[in-house]
Amino acid sequence: NPHASPVALKLALLPRDPRFAREVAVLSCVRHPSVPRLWDHGEWQHPSGTLYPFLVMDWVEGAPLYDQARQHNPSSQEVMRLLAQLARALQAVHAQGCVHRDVKGDNVLVRHSDRRALLTDFGSGRYPHAPTLTPDILPPTTPAYRSPEAWLFSLQFFRDATARYSAQPADDLYALGVTAYRLVTGQYPELAE
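Computed from a predicted model, the values in this text were never measured in an experiment.

With that settled, the discussion passes to the overall build of the protein chain. Counting its secondary structure elements, the protein chain contains five helices and six strands. Counting from the amino terminus, helix and strand elements in the protein chain follow one another as β-α-β-β-β-α-α-β-β-α-α. For 193 residues, the compact-globule estimate of 2.2 N^0.38 gives 16 Å, and the protein chain sits close to it at 18 Å. Principal-axis analysis of the C-alpha atoms gives the protein chain an extent of 55 × 45 × 30 Å. Counting all 193 residues of the protein chain, 41% fall into the buried class. Relative to all contacts within the protein chain whose residues are 6 or more apart in sequence, the contacts with residues 24 or more apart total 68%. For the protein chain, the computed accessible surface area is about 11,200 Å², with 55% contributed by carbon and sulfur atoms. Computed over 19 positive and 19 negative side-chain charges, the inter-centroid distance for the protein chain is 3 Å.

A contiguous nonpolar surface patch, about 280 Å² in accessible area, is contributed by Leu 9, Leu 11 and Trp 44. Tracing the backbone shows Leu 9 in strand β1 (residues 7-11). Taking relative accessible area as the criterion, Leu 9 reaches 54% and is therefore assigned exposed.

In this section: the sheet that holds strand β5 (residues 108-111). In any sheet, the strands associate via hydrogen bonds between backbone groups, in a parallel or an antiparallel arrangement. Read from one edge to the other, the open sheet built from three strands follows the order β4-β5-β6, with strand pairing classed as antiparallel. Strand pairing shows two members of the sheet lacking a second neighbour, β4 (62-64) and β6 (117-119), which therefore form its edges. Direction aside, the axes of adjacent strands within the sheet are offset by 30° on average. Alignment of β5 against β6, held across three bridges, turns out to be antiparallel. Bridging from a neighbouring strand, Val 110 pairs with Ala 117 of β6. Contacting β4 and β5, helix α2 (residues 65-72) runs over the sheet at an angle of about 105° to β4. Sheet strands in contact with helix α3 (residues 76-95) are β5 and β6, and its direction is about 30° off that of β6.

Where charged atoms from two side chains of opposite charge come close, those side chains can pair. According to the stated counting rule, one finds six salt bridges in the structure shown. Across the pair Asp 67 and Arg 70 runs a salt bridge, and its minimum N-O distance is 2.3 Å. With Asp 67 and Arg 70 both in helix α2, this residue pair falls three residues apart, about one helical turn. Taking relative accessible area as the criterion, Asp 67 reaches 29% and is therefore assigned partly exposed. With a shortest N-O distance of 2.9 Å, Asp 114 and Arg 111 are connected by a salt bridge. The class for Arg 111 is partly exposed, based on a relative accessible area of 22%. A cluster of three or more residues bridged by salt bridges with shared partners is formed by Lys 10, Glu 23 and Asp 121.

Attention shifts here to the pairing of β5. Going residue by residue along β5, you find Val 108 and Val 110 tucked away on one face and Leu 109 and Arg 111 left uncovered on the opposite face. Two elements, β4 and β5, share three bridges in a ladder whose sense is antiparallel. For Ala 63, the partnering residue across the bridge sits in β5 and is Val 110. Counting the residues in the hairpin turn of β5 and β6 gives five residues, including Arg 115, whose phi is positive at 60°.

Before going further, it helps to spend a moment on the packing of α3 against helix α5 (residues 169-185). Here α3 crosses α5 at 165°, and the two axes come no closer than 11 Å. Classified by the angle their axes make, α3 and α5 are roughly antiparallel. For α3 against α5, the interelement crossing comes out right-handed. Where α3 abuts α5, its residues Val 79, Leu 83, Leu 86, Ala 87, Leu 90 and His 94 lie against Pro 169, Asp 172, Leu 173, Leu 176, Ala 180, Leu 183 and Val 184. Counted by class, the contact of α3 with α5 contains eleven nonpolar, one polar and one charged residues.

Cut-off values and rules
- Residues numbered from 1 in each chain as written.
- Predicted model: local features only at pLDDT ≥ 70, side-chain atom pairs only at ≥ 80, totals over all residues.
- Heavy atoms only, no water.
- Helix = DSSP H or I, 4+ residues; strand = E, 2+ residues; numbered from the N terminus.
- Rg over C-alpha atoms; globule rule 2.2 N^0.38 Å.
- Buried < 20%, exposed > 50% of the residue type's maximum accessible area, 1.4 Å probe, protein only.
- Contact = heavy atoms within 4.5 Å.
- Areas by Shrake-Rupley, 256 points an atom, 1.4 Å probe, with all protein chains shown as cover.
- Lys, Arg positive; Asp, Glu negative; His and termini not counted.
- Charge placed at Lys NZ, Arg CZ, Asp CG, Glu CD.
- Patch = residues over 30% accessible without salt bridge, like charges linked within 9 Å, V, L, I, M, F, W, Y side chains within 5 Å.
- Salt bridge = Lys/Arg side-chain N within 4 Å of Asp/Glu carboxyl O.
- Pairing = 2+ DSSP bridges.
- Axes fitted to C-alpha atoms, helices over the stretch in contact; angles between N-to-C directions.
- Parallel < 35°, antiparallel > 145°, perpendicular 65-115°, else oblique.
- Left-handed = near helix turned anticlockwise from the far one by under 90°.
- Nonpolar A, V, L, I, M, F, W, Y, C, P; charged D, E, K, R; others polar.

Next up, the structure:
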């Protein structure tokens, strides 16, 4: 169709990568203008017979949040608009019982056409009854964006091999706060004791 919108094809680098199933599960239940829409998913077979997952999503013609800010030096009103869009996207994610678990500027694209912020990369996301994929006490996330609650849990239970921190919407909101701080100052906030 010559009038069809372009799409992004995301291919796994690892056979049967379980992060793709997570992304499908979260994106399948979230509809929001600041979250790319999932159009299709499946597996393709390498000539060796190995299966690799793929996703077909909205194409976002844009730049990562921090790059966009460095290039265009947004006003305080523009920064507030971008952060409000991300907060509303997280509200839609959380309303479905899901948690992103890796909110950061590198996982936000600012679309060139309308300067809308889109939250991307839900491969670390958590949804109700999701299986545990990692043996670590803390879920996968970028340490600079990890909430004080998660750090405290890891200190309290570091000797308990069965302890697992369950990320909550507050963890995403904390990460959005770190993202806002870095967007405005160009630096990360100092970690407290």
